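Chain residues, written in single-letter form:
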Amino acid sequence: MRKTGSTLVFLGILAIVLNFVNMVPRVLMWIYAWGETTAWGIKIGIVVLGAILWFIGGREELVEETE
């Protein structure tokens, strides 16, 4: 889960940075159909979800090591 989480964080931050330089990937153009505010919410949600998965994955590894 840690790898998936870090990938989501990376992609979310990349989408945010690319938005500032007007280079939004075609894959993410659909989120702008609902407006700029919703697109920001989705991008921030991707980063938060990735961070949660990353932290959960770290705890699972810790529990596996102690058993």
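Conventions we followed
- Residues numbered from 1 in each chain as written.
- Predicted model: local features only at pLDDT ≥ 70, side-chain atom pairs only at ≥ 80, totals over all residues.
- Heavy atoms only, no water.
- Helix = DSSP H or I, 4+ residues; strand = E, 2+ residues; numbered from the N terminus.
- Expected span 1.5 Å × (residues − 1).
- Buried < 20%, exposed > 50% of the residue type's maximum accessible area, 1.4 Å probe, protein only.
- Polar contact = N/O pair within 3.5 Å; in protein donor to acceptor, adjacent residues only side chain to side chain.
- Contact = heavy atoms within 4.5 Å.

Engineer: Quick question: what am I supposed to make of helix H1 (residues 2-20) here?
Structural biologist: Given 3.6 residues per turn, any residue in an α-helix points the same way as the ones three and four places further on. Compared with an ideal rise of 1.5 Å per residue, which puts 19 residues at 27 Å, H1 spans 28 Å between its outermost C-alpha atoms and is within 8% of the ideal. Every buried residue of H1 is listed here: Gly5, Gly12, Ala15, Ile16, Leu18 and Asn19. One or two positions beyond H1, positive phi appears at asparagine 22, with a value near 55°.

Engineer: Looking at this structure, I do not really get the side chain of asparagine 19. What am I missing?
Structural biologist: With respect to the helices and strands, asparagine 19 occurs in helix H1. Here tyrosine 32 takes part through its side chain, which lies 3.3 Å from a polar atom of the side chain of asparagine 19.

Engineer: What is the right way to look at the environment of isoleucine 31 in this model?
Structural biologist: Secondary-structure assignment places isoleucine 31 in the loop between H1 and helix H2 (36-66). In this structure, the C-alpha to C-alpha distance between isoleucine 31 and lysine 43, residues twelve residues apart in sequence, is 8.9 Å. Dropping the residues within four chain positions of it, isoleucine 31 is found in contact with Ala39, Ile42 and Lys43.

The analysis is restricted to geometry; functional conclusions fall outside its scope.
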